[in-house]
Amino acid sequence: MRGFSRIFLGFFIYFANVEFILAIELDKGYELLKGVVGTCPDVINKTDARGFAACNCTSYVAYRLNLNRVNFSNWYGQVDKWSDAHFWDDTDRAGKAGIRVDLYPAVGSVAHWNAGSGASSSGHVAYVYKMNVHGNGDLSSIEVAEYNYKTKGAYGIRTLTP
């Protein structure tokens, strides 16, 4: 797992007691769930059902966490709003909500980039859905699902290597 802290310039946020949905490859973006209130397609930046700007990275990650039975919203843990992604690695806020913040990726965790790290002026978050390992057991890459990374309001999957 060495090297990922240099790539991500941020933290991985873990949620305890998560049951993972393993069919992420079939998730072509949450806009396909037309019957779910607050999901895309919607007006970009309109507040969604979880209190985040629709079609943004924070909205998508909250959606993924909710699929894993983590009732995550902008008010999760009764702390100040989670708001823009650049606030998500605040260890004081996360600690109050019972969330661990560290540099080790895991399936179901949240990858985080700070504002100005190349992702966005508001930071960026993505959902870690797959970890790939070499034959010797060393981590070779992780795959993240995300919204609003390269194209405003668009879904994507990226492979990140150390």
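Residues numbered from 1 in each chain as written. Predicted model: local features only at pLDDT ≥ 70, side-chain atom pairs only at ≥ 80, totals over all residues. Heavy atoms only, no water.

Turning our attention to the overall build of the chain. Looking only at helices and strands, the chain has three helices and six strands in total. If you list the helices and strands of the chain from N to C, you get α-β-α-α-β-β-β-β-β. Among the 162 residues that make up the chain, the fraction classed as buried is 47%. Within the chain, residue pairs in contact and separated by at least 24 positions form 51% of the contacts whose partners lie at least 6 positions apart. When the accessible surface of the chain is totalled, it reaches about 8100 Å², and 52% of it is carbon and sulfur. (Helix = DSSP H or I, 4+ residues; strand = E, 2+ residues; numbered from the N terminus. Buried < 20%, exposed > 50% of the residue type's maximum accessible area, 1.4 Å probe, protein only. Contact = heavy atoms within 4.5 Å. Areas by Shrake-Rupley, 256 points an atom, 1.4 Å probe, with all protein chains shown as cover.)

Take the nonpolar core next. Judged by nonpolar contacts, the single largest core of 25 residues is most densely connected at Leu-65, Phe-72, Trp-82, Trp-88 and Val-125. For this core, the secondary structure elements donating two or more residues are α2 (57-67), β4 (124-133) and β5 (139-147). At six residues, α2 tops the list of elements feeding residues into this core. Residues Ala-111, Trp-113, Ala-126 and Leu-160 belong to the second largest nonpolar core, which totals eight residues. (Core = buried A, V, L, I, M, F, W, Y, C linked by side-chain atoms within 4.5 Å.)

This part covers the environment of Ile-142. Turning to its location among the elements, Ile-142 is positioned in strand β5. On the accessibility criterion, Ile-142 (0% relative accessible area) is buried. For the pair Ile-142 and Pro-162, spaced 20 residues apart in the sequence, the C-alpha separation amounts to 9.1 Å.

Of all 11 residues in α2, nine are buried; the element is thus mostly enclosed. For α2, every residue scored as buried is listed here: Cys-57, Thr-58, Ser-59, Tyr-60, Val-61, Ala-62, Tyr-63, Arg-64 and Leu-65. Against β3 (110-113), β4, β5 and β6 (155-160) lie the buried residues of α2. One or two steps after α2, the chain reaches Arg-69, where phi turns positive at roughly 65 degrees.

Moving on, we come to unusual backbone geometry. Glycine aside, a negative phi is what most residues show, and trans is what most peptide bonds show. At Cys-55, a position not held by glycine, the phi torsion is positive, near 65 degrees. Relative to the helices and strands, Cys-55 resides in the loop between β1 (12-14) and α2. Among the residues examined, Cys-55 registers a relative accessible area of 4% and is labelled buried. With phi around 65 degrees, Arg-69 is a residue other than glycine that occupies positive phi space. Relative to the assigned elements, Arg-69 resides in the loop between α2 and α3 (91-96). For Arg-69, a relative accessible area of 60% corresponds to the exposed category.

Overall, the prediction assigns the chain a mean pLDDT of 74, with 72% of residues at 70 or greater. Every residue in residues 1-11 scores below 50 in pLDDT, and together they form 33 contacts with partners more than four places removed in sequence or on other chains. (pLDDT = per-residue confidence, 0-100.)

What follows is about the packing of aromatic side chains. Counted according to the given criterion, the structure contains eight aromatic pairs. Ring centres of Phe-52 and Phe-72 lie 6.0 Å apart, and the angle between their planes is 5 degrees; this geometry places the pair in the stacked category. Of this pair, Phe-52 sits in the loop between β1 and α2 while Phe-72 sits in the loop between α2 and α3, and the two are 20 residues apart along the sequence. Aromatic ring contacts, followed pair by pair, group Phe-52, Phe-72, Tyr-76, Trp-82 and Trp-88 into a single cluster. It is Arg-64 that lies over the ring of Tyr-127; its NZ or CZ is 4.8 Å from the centre. Above the face of the Tyr-149 ring, Arg-158 is positioned so that its terminal group lies 3.5 Å from the ring centre. (Phe/Tyr/Trp six-rings, centres within 6.5 Å; stacked < 30°, edge-to-face > 60°. Lys NZ or Arg CZ within 6 Å of the ring centre and 35° of its normal.)

So, about the pattern of salt bridges. By the definition in use, this model includes three salt bridges. In this structure, Asp-102 and Arg-100 form a salt bridge, with 2.9 Å as the shortest nitrogen-oxygen distance. Note that Glu-146 and Arg-158 form a salt bridge whose closest N and O atoms lie 2.5 Å from each other. Of this pair, Glu-146 sits in strand β5 while Arg-158 sits in strand β6, and the two are 12 residues apart along the sequence. Exposure remark for Arg-158: the relative accessible area of 17% places this residue in the buried category. (Salt bridge = Lys/Arg side-chain N within 4 Å of Asp/Glu carboxyl O.)

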